[in-house]
Amino acid sequence: MARISTKFLTLLVAAFVGLTSVAVAQTVPAPGEPRAETGGAQTLADILRRQEQQKVDDSFRRDNIGNPETAAPIDGQLGTRGGVSDSEFWRAYRYNELDELGTVRASAKGPSGDTSVTSVVIQSTGMEWLSFRKGPLKDYGGYLLLGTIGILVLFFLFRGRIMIDGGKSGKTITRFIGIERFAHWTIAGSFILLALTGLTQLFGRFFIIPYLGHEAFAPIAIYGKWIHNNVSWAFMLGLVMVFVMWVSHNIPNRLDLKWFAVAGGLFSKNVHPPAKKFNAGQKVVFWGVVLLGASISVSGLSLLFPFEMPMFAATFHHLNDLGLPQLVGLDPLPTDLAPQTEMQLAQAWHAIVAFVFMALIIGHIYIGSVGMEGAFDAMGSGQVDEQWAKEHHGLWYEEVTGKPAYHDSHPAE
Amino acid sequence: MKAMFIAFVGIIVIAVGADQILHHAGFAIDEVTSAPSVRLD
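Residues numbered from 1 in each chain as written. Chains lettered and ligands numbered in written order. Predicted model: local features only at pLDDT ≥ 70, side-chain atom pairs only at ≥ 80, totals over all residues.

Notes on the overall build of chain A
Logical step 1: If you tally the helices and strands in chain A, you get 16 helices and two strands.
Logical step 2: The burial tally for chain A puts 27% of its 413 residues in the buried class.
Logical step 3: In chain A, the proportion of contacts linking residues at least 24 apart, taken out of those at least 6 apart, comes to 65%. (Helix = DSSP H or I, 4+ residues; strand = E, 2+ residues; numbered from the N terminus. Buried ≥ 20, exposed ≤ 12 C-beta atoms within 10 Å, placed from the backbone. Contact = placed C-beta atoms within 7 Å.)

If you want it as structure tokens, here you go:
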């Protein structure tokens, strides 16, 4: 009986010592402290904050990586080899706290140096990217496009089609020569394909699969991706062509202020501000296409050649040097990015720019087709009615024909 | 409208050509976005 009592007492002592050691190693919070209800693990509040894209203090996980100095002995209850449990080991791995694995980047927030994609084992920012992609990106991107279309419908109902106020003259003038129209339609045709296939990739899961099913969507997605990847080269070619041919005509000048002062005459009849080959509205479209097109091309190339062209760490570095994040009250942007994080940022930026680009082009398509009489001819046949040219590009008409476009005082002066 | 149709044909030619060139150069999408390019073997 005495031996049994002694053994039981020994077990009790061992259990007490073991539990104490475990308690020290895992730093279980006391009642009342944060995360006490889960014993120091993730709580419902953490999950809700993450779902709402709010910052979550992950120190409870990041710092919970064990301590061999205070761990239970290997021969004690719950003792682990090396004094670190599996969970603690992998947490340390994830947060790059294993000194002996210094050359292996375990997460996006690890030490810099090795930038190869295969050195990353655990990558934390994937869920943030996924949440952004299927949340704000999809929602606000969709609102932007639908809002743009809605505004144009309202504008059409309010203003109707913008007609040639003086009526067609029956005589035409060459507005764009063949190579200009070729460049325009190269970039335009490829943009339409890129927009449709890009939207399919983003919205297909939500608006195609529920109606057509996975089997039908799979080939749509696969062929759409092929089109998106390969048609992009035609887009970039067209972008370079239009930039080279038209940049000299699109330098902002004082005439643009006059155009903006009357909103280009878009909202009133018989108002025709003076303009050369491109008016201020067209210059906005031109520079929008050039800048957004260049940006979307760079991020697209980064996506086309995965991990070969990381660009965000360098960009963030320059922005930090300029002090722009600090200027708007933000912390400096991260400059130590894992290769996967670079790809996720490239995809997110590519999509954001694409939505703005599509909104701009929807407006351009509207005014170049149903929105304005005679506008499509400029890019269709290349020949526009002389009266149309006088009303919308009077100074250019005078330059080309040598004939006056205006009856009274010269509006450009 | 001839320029428009020529441009559309040009888009198709460029797309097919790009696919072939990238494929032969070892930059085919199905190669650069799958193992062993992106996985720890």
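Structural notes on helix H4 (residues 86-94) of chain A
Residue and element names in this part refer to chain A.
Logical step 1: By the burial criterion, the buried members of H4 are Glu88, Arg91, Ala92 and Arg94. Within H4, the buried residues cover an arc of 160 degrees as seen down the axis, which keeps them to one side.
Logical step 2: The inward-facing, buried residues of H4 abut helix H3 (59-62).
Logical step 3: A positive backbone phi angle near 55 degrees is found at Asn96, which sits one or two residues after H4. (Arc of directions from axis to C-beta.)

Comments concerning the UniProt feature "domain: Cytochrome b561 bacterial/Ni-hydrogenase" (unreviewed entry) in chain A
Logical step 1: Here, UniProt's "domain: Cytochrome b561 bacterial/Ni-hydrogenase" (unreviewed entry) annotation points to residues 179-379 of chain A.
Logical step 2: Across residues 179-379 of chain A one finds 74% helix and 0% strand; the C-alpha atoms that close the span lie 11 Å apart. (UniProt positions renumbered as here; feature names shortened; annotations may be inferred.)

Some words on the UniProt feature "transmembrane region" (unreviewed entry) in chain A
Residues and elements named next belong to chain A.
Logical step 1: The UniProt feature table records "transmembrane region" (unreviewed entry) at residues 140-162, 182-211, 231-248, 284-305 and 348-367.
Logical step 2: Taken end to end, residues 182-211 is 97% helix and 0% strand, and its two terminal C-alpha atoms sit 38 Å from one another.
Logical step 3: Measuring from the first to the last C-alpha atom of residues 231-248 gives 27 Å, for a span that is 89% helix and 0% strand.

Here's the deal with the nonpolar core
Logical step 1: Core analysis: the biggest nonpolar cluster contains 29 residues, and Ile187(A), Val231(A), Ala234(A), Phe235(A) and Ala354(A) have the highest contact counts within it.
Logical step 2: Those elements that place two or more of their residues in this core are helix H6 (178-207), helix H8 (214-246) and helix H13 (339-368) of chain A together with helix H1 (2-24) of chain B.
Logical step 3: When neighbours within four sequence positions are excluded, Val231(A) is seen to be in contact with Ser190(A), Leu193(A), Leu194(A), Ile11(B) and Ala15(B).
Logical step 4: Counting residues in each nonpolar core, the second largest holds 14 residues, with Ala275(A), Ala280(A), Trp388(A) and Ala389(A) among its members. (Core = buried A, V, L, I, M, F, W, Y, C linked by C-beta atoms within 7 Å.)

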